[in-house]
Structure formats: C-alpha cells, structure tokens
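# Inside the fold
The residues making up each chain are set out below.
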Amino acid sequence: MDIEKVNSMDFGEFVDVFGSVIERCPLIAPAVFSQRPFSDLEDLEQHFFAFTEALPQSGQEGVLRCHPDLAGRELQRGELSAESQREQSAAGLTSLGAAERLWLAELNAQYRARSGFPFALAARLSNRAAVPRERARRLHCPPAQELNTPPGEVKKMGRRRLADLLGSQAAES
Ligand SMILES: NC(=O)N[C@H]1NC(=O)NC1=O
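Predicted model only: the values in this text are computed from it and were never measured. (Residues numbered from 1 in each chain as written. Predicted model: local features only at pLDDT ≥ 70, side-chain atom pairs only at ≥ 80, totals over all residues. Heavy atoms only, no water.)

All right, on to the overall build of the protein then. Counting its secondary structure elements, the protein contains 11 helices and 0 strands. Starting at the N terminus and walking to the C terminus, you meet the elements of the protein as α-α-α-α-α-α-α-α-α-α-α. Taking 16 Å as the expected radius of gyration for a compact globule of 173 residues, we find that the protein reaches 16 Å, a close match to that expectation. Dimensions of the protein along its principal axes, counting C-alpha atoms only, are 50 × 35 × 30 Å. Counting all 173 residues of the protein, 45% fall into the buried class. Accessible surface for the protein amounts to roughly 8700 Å². Of this, 53% is attributable to carbon and sulfur atoms. The averaged location of the 24 negative side-chain charges in the protein is 8 Å from the averaged location of its 21 positive side-chain charges. (Helix = DSSP H or I, 4+ residues; strand = E, 2+ residues; numbered from the N terminus. Rg over C-alpha atoms; globule rule 2.2 N^0.38 Å. Buried < 20%, exposed > 50% of the residue type's maximum accessible area, 1.4 Å probe, protein only. Areas by Shrake-Rupley, 256 points an atom, 1.4 Å probe, with all protein chains shown as cover. Lys, Arg positive; Asp, Glu negative; His and termini not counted. Charge placed at Lys NZ, Arg CZ, Asp CG, Glu CD.)

Here it is, written out as structure tokens:
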C-alpha cells in the first residue's frame, strides 16, 4: 500500500484499515485521520506514536489496559483480536500446557496488582520461554523504571501491525 492510497481513504476506510494498530483503542485511528495528508508511510507511523505518546499518564495507562493478558482469559475464551491471536500464537502462547498457563496467570495477576495495568510485551519478538522470564524480571523492576517500558512495547506491537497492513519492511528493527 502506498501513501497516495492512504491519503485518499475516507474516514470509514481509514478506521477499518488502521483501527487495530493500537490494540482495542478505537480513538487513535480517528485522531490520526485528522492529521492527513501524510508525507510518506513513516510520517503516518510517526503520527500514530506521537499521538499515543502525547497522551497524559492516565491515557497511556488506558492504552495498556486495552491489551489482553498474554496467555490469559481472552485467549482461553477465544476472545482475542485477530492481531493479538496471531502475536500470541507466534510466541507459542496458544499451545501451553495447563501448568505453564497457571504459572503465567499467577505472574499476570501479580504484575497487574502491582502496576494497575496488564503486563505488556510485544509477543512476536518473544517466545514461550522468554515471556515468563521477562515478566518475572519486570515484576521486580522499580516502579518508576517499569513505567517507561510498557509504552515502548505498545510501540513495537503497533509498528509491526502497521508494517503488516502496509506490506512494508519498516518494522524490522
Ligand atoms: N499484554 C500484552 O502485551 N498483550 C499483547 N502483546 C502482544 O504482542 N499482543 C497482545 O495483545
């Protein structure tokens, strides 16, 4: 997809295509639409992240709360978005045994109780061994330090989702 195509989309099409760049945050694509025209695909990406990063702390926490737990209840119930299902599946989280699932659920609960929002990690860049390791590590990070990490993970997820939509290699880093 090229930038002319993106700039020619009407509101409905833009939101249909880009509404899931940031997991279950329906406001973000409509807000980015207002910032057309985009000079190129990188500019489009920048607008997504500039908007998200400019949110106040409460908004950034709200963005995190829109993310389903990794290997959590939504996965068990078949209620993940298509994107999240793909990401969690790529990390091997859809084929865990019962003991591993329970262990992760316990770590999820501990993290949420400590931070007030779900543990966020770009699952496509991880795997079923690294997810619990990373969660256990971040559970013990000083809260002030941990606050900086989740928005970066949301950005990694969003970059890859955008690259999938645009058919670009822009998100390899
Ligand atoms: N909690 C969390 O990070 N969820 C997610 N991560 C990811 O890669 N896809 C998600 O839905």
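Counted according to the given criterion, the structure contains 7 aromatic pairs. Between the aromatic rings of F14 and F38, the centroid separation amounts to 6.2 Å while the plane-to-plane angle is 15 degrees, which identifies the pairing as stacked. Of this pair, F14 sits in helix α2 (residues 11-18) while F38 sits in the loop between α3 (28-33) and α4 (41-53); the two residues are 24 residues apart in sequence, bridging distant segments of the chain. Exposure remark for F14: the relative accessible area of 0% places this residue in the buried category. What links up through ring pairs into an aromatic cluster is the set F11, F14, F18, F33, F38 and F48. (Phe/Tyr/Trp six-rings, centres within 6.5 Å; stacked < 30°, edge-to-face > 60°.)

We now examine the UniProt feature "domain: Oxo-4-hydroxy-4-carboxy-5-ureidoimidazoline decarboxylase" (unreviewed entry) in the protein. The UniProt entry lists residues 7-163 under the feature "domain: Oxo-4-hydroxy-4-carboxy-5-ureidoimidazoline decarboxylase" (unreviewed entry), expressed in the numbering used here. Each end of residues 7-163 is marked by a C-alpha atom, and these two atoms are 17 Å apart; helix forms 63% of the span and strand 0%. (UniProt positions renumbered as here; feature names shortened; annotations may be inferred.)

This next bit is on the nonpolar core. Within the largest apolar cluster, 40 residues are counted, with the highest numbers of intra-cluster contacts made by V6, F14, F18, I22, L44, F48 and L93. Counting only elements with at least two residues in this core, the list comes to α1 (3-8), α2, α3, α4, α5 (57-65), α8 (98-115), α9 (130-139) and α11 (149-166). Split by domain, this core shows at least three residues from each of two domains, domain 1 (3-62 + 161-166) and domain 2 (69-149). Leaving out residues up to four positions away in the same chain, L44 has contacts with V6, F14, F18, V32, F38, L162 and L166. (Core = buried A, V, L, I, M, F, W, Y, C linked by side-chain atoms within 4.5 Å. Domains from an automatic or database assignment. Contact = heavy atoms within 4.5 Å.)

With that settled, the discussion passes to the state of the cysteines. According to the stated counting rule, one finds 0 disulfides in the structure shown. Left unpaired, C25 is separated from the closest cysteine sulfur, that of C66, by 3.7 Å. What makes C25 buried here is its relative accessible area of 9%. (Disulfide = S-S within 2.5 Å.)

Near the ligand you find P68, L70, S84, E87, F119, A120, L121, A122, A123 and M157, and these make up its full shell. F119 is positioned with one of its backbone polar atoms (N or O) 2.7 Å from a nitrogen atom of the ligand. Here the ligand has 290 Å² of accessible area as a free molecule, and 100% of this is covered by the chains. Class assignment for the residues of the shell around the ligand results in 8 nonpolar, 1 polar and 1 charged. (Near = heavy atom within 4 Å. Polar contact = N/O pair within 3.5 Å; in protein donor to acceptor, adjacent residues only side chain to side chain. Nonpolar A, V, L, I, M, F, W, Y, C, P; charged D, E, K, R; others polar.)

Bringing the packing of α4 against α11 into the picture now. The interhelical angle for the contact between α4 and α11, taken along N-to-C directions, is 150 degrees, at an axis separation of 11 Å. By the angle between their axes, α4 is roughly antiparallel relative to α11. For the crossing formed where α4 meets α11, the hand is right-handed. Residue-level contacts link L41, L44, E45, F48, F49 and E53 of α4 to K155, G158, R159, L162 and L166 of α11. (Axes fitted to C-alpha atoms, helices over the stretch in contact; angles between N-to-C directions. Parallel < 35°, antiparallel > 145°, perpendicular 65-115°, else oblique. Left-handed = near helix turned anticlockwise from the far one by under 90°.)

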